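Structural overview for review
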Amino acid sequence: MSPVIRSKDVNDSENFYYTLFEQHHLPVLIIRPVDGHIIDVNETAVNFYGYDKQTLKTMSIFDINTLSEEAVKQKMTEAKRKNERHFHFQHRLNNGEIRDVKVNSIPVSYHDETLLFSLVTDITDAIEHNAFFQTLFEQSPYAIMMMNNDYNIDKVNHHFEVLFGYTNEEVVGHTPEQLIYPVNHKETFQSNKRMMEEGIVISQNSHRQAKNGDVIDIQMVEMPVYVDNFLVATCAIYIDKRKEQEMKSYNQMLASVLENTNQGVVITNTKGEIEWINQAYTTITGYDEADVKGVNPRLLQSGKHDKDFYEKMWHDILTYGSWTGEIWNRRKNGEVFPEFLKIFSIKNEQGDIVQFVGIFIDNTEAKAHEKHIDVLETKDTLTGLYNRSYITQYLDGLLTDVDEERVTLLYMDIDRFKAINDNLGHAVGDKLLMAFTDYLKHSFPHAVLSRVSGDEFVVVLTEHVQQRCEASVQHLFDQLKTPLDLGHHQLLVTCSVGVATYPHDASTANELLMHADIAMFEAKK
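This section reports on the structure supplied with the text.

Scoring rules and cut-offs
- The numbers attached to residues start from 1 for each chain and follow its sequence in the written order.
- Local features in this predicted model are restricted to residues of pLDDT 70 or higher, and side-chain atom pairs are both shown and tallied only at a pLDDT of 80 or more, whereas totals for entire chains, interfaces and linings draw on every residue.
- Hydrogens and water are ignored here; the side-chain numbers use all heavy atoms of the structure.
- For helices, the fitted line uses only the C-alpha atoms of the stretch in contact; every axis is such a line through C-alpha atoms, and the angle between N-to-C directions lies from 0 to 180 degrees.
- Every helix listed is a DSSP run of H or I at least four residues long, and every strand listed is a run of E at least two residues long, numbered separately from the N terminus.
- Roughly parallel here means an angle under 35 degrees, roughly antiparallel means over 145, roughly perpendicular means 65 to 115, and every remaining angle is called oblique.
- Contacts are assigned to residue pairs that have any heavy atoms within 4.5 Å of one another.
- Ten residue types, Ala, Val, Leu, Ile, Met, Phe, Trp, Tyr, Cys and Pro, are classed as nonpolar, four, Asp, Glu, Lys and Arg, as charged, and the remainder, Gly among them, as polar.
- Put simply, buried Ala, Val, Leu, Ile, Met, Phe, Trp, Tyr and Cys residues joined by side-chain atoms within 4.5 Å make one nonpolar core.
- Accessible area is worked out with a 1.4 Å probe on protein chains only. A residue is then buried under 20% of its type maximum, exposed over 50%, and partly exposed in between.
- Nitrogen and oxygen atoms within 3.5 Å of one another constitute a polar contact, given that in protein one can donate a hydrogen and the other can accept it, and given that sequence-neighbouring residues count only through two side-chain atoms.
- Any carboxyl oxygen of Asp or Glu within 4 Å of a side-chain nitrogen of Lys or Arg constitutes a salt bridge here.

**Brief notes about the packing of helix α18 (residues 417-424) against helix α19 (residues 426-443)**
Where α18 meets α19, the closest approach of the two axes is 6 Å, and the angle between their N-to-C directions is 140 degrees. Classified by the angle between their axes, α18 and α19 sit oblique to one another. Mapping the contact onto sequence places F417, I420, N421 and L424 in α18 and H426, V428, G429, L432 and L433 in α19. For the contact of α18 with α19, the per-class residue count stands at six nonpolar, three polar and no charged.

**Details of the environment of K431**
Note on placement: K431 falls in helix α19. As a C-alpha pair, K431 and L382 span 49 residues in sequence and 9.4 Å in three-dimensional space.

**Quick word on the nonpolar core**
Within soluble globular proteins, side chains that are nonpolar tend to cluster in buried spots. Ranked by size, the top nonpolar core spans 30 residues in total, and within it L410, M412, F436, L440, F444, V459 and L476 carry the most contacts. For this core, the secondary-structure elements that each account for two or more residues are β16 (407-414), α18, α19, β18 (456-462), α20 (469-480) and β21 (495-502). If sequence neighbours within four positions are ignored, L410 has contacts with F444, F457, V458, V459, L461, C469, V473, V497, G498 and V499.

**Topic: the environment of N42**
Counting through the fold element by element, N42 comes out in the loop between β2 (37-41) and α2 (43-49). In sequence terms N42 and F21 are 21 residues apart; their C-alpha atoms lie 6.3 Å from each other. Within the structure, the side chain of N42 is placed 2.9 Å from the backbone nitrogen of A45, a separation counted as a polar contact.

**Things to note about the side chain of Q263**
Residue position: Q263 is located in the loop between α12 (247-260) and β11 (264-268). Look at Q263 and you get buried, because its relative accessible area is 19%. Discounting residues that sit within four places of it in the chain, Q263 has contacts with Y226, N278, A280, I359, F360 and I361.

**A look at the pattern of salt bridges**
What the rule picks out here adds up to 15 salt bridges. Salt-bridge contacts for K293 lead to E289; the nearest nitrogen and oxygen are separated by 3.8 Å. E311 is paired through a salt bridge with K307; the nearest N and O atoms lie 3.8 Å apart. One end of the pair is E311 and the other is K307, both in helix α15 (residues 307-320) and four residues apart, which spans about a single turn. Of the residues examined, E311 reaches a relative accessible area of 44% and is grouped as partly exposed.

**Topic: unusual backbone geometry**
The residue after Y502, namely P503, is reached through a cis peptide bond having omega 10 degrees. The phi torsion at R416 lies on the positive side, around 60 degrees, for a residue other than glycine. Inspection of the secondary structure puts R416 in the loop between β16 and α18.

That's the geometry; what it means functionally is another story.
Laid out in structure tokens, this is it:
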């Protein structure tokens, strides 16, 4: 079940919609996914796109995207298949300017309709001014080609124009396959593209074709480019092996790139002794070169992983040449943090391993973001109780584990709630729901509570907390005998309760919910 966003209530300082939408520092678009229509925007979006609010609300995402409607839908379908919520697009502003943006979309439920709560981050400056790009383009003696995340060429440097005979204007918008791949290298192109999508750095000797038809023997290094842990581009470096220069200058260039990247890099010898680290390693871990040189990287171990974890990691490195995954390490100050790490081996011409390289990013912020999304997906935003989707999953797991243990489920709703909501307004209805939630928490302090729909609630009691079930229900009824103070309204309300037990009434979560729901409606008669 998607999280619920409700209308803004100026008297409610914790109103979810007001906080996340109206006051968000990023442009926010509320989008109807079925047709891409923009339902609402915040003031930051108005300032960013340069349209007034009413104009934006008459537009669709296809009006501001530089891609065709078909291409946008294809990218959204691919993201859904990969279970991703983020996209990299180019958006056109009212003044005609094109900006690279990262879009994070969260499905939300609003008035029984599923919409997309889309946060837009402008990453144009990060792409254009990143030291990584500047180093490669301005200092490299080699041909450089930059591609967007659709593998279309964005720009090439002067050395590329000299080597292949194409101008920058001739190549922009094309794929490398269309211009410089020999006819029989289509499979190589597709393989390289897949590796870029997986974040793998490629180094290979191959052949490329110049504009005049000459086939050039080249060495290619191709790497993904990330901004804020988001794949935004691919960088390809081509070295003409016909005029191969001293590798010293090439190594200096790569060292400069490694020093300027925000990803931590560590290089060890075959004994596991650290030979080199970059500045980002120090920034992330707190250890400088004097602390770690000659030391094994295990000094970062947090104790969260067992021996089998590290044995599996090194088995993959030695067998397959690399390992990629999340690992928890410890900074110099003692703080434990998550990092996304890739370790790979470097071999000499004889095929012997001579070094190991580790490249990692601090995953702390991403973890915090994931936790926030998990809360949105499992909790009801008004009451803070679990939603129907979560309680169904919880019951499925509980009924699998309890064996012969008894589980009781109470299904209840507030009598005449619809009439109250319709006559006194949604703001009063929301206050009533929150007051009822407080009563449930006081009456059932050790139970699992859920709001499964508008005014319907579920209480799950396991065997060890069932002894006080009747007393807890009576306590709830006793509380409701006192009129509720809802601001300008004093309301006396009642509720109906249905009861179902496992395994007596049902054997599955859905059956248990259904029987309790039926029992509640019987109680209303």
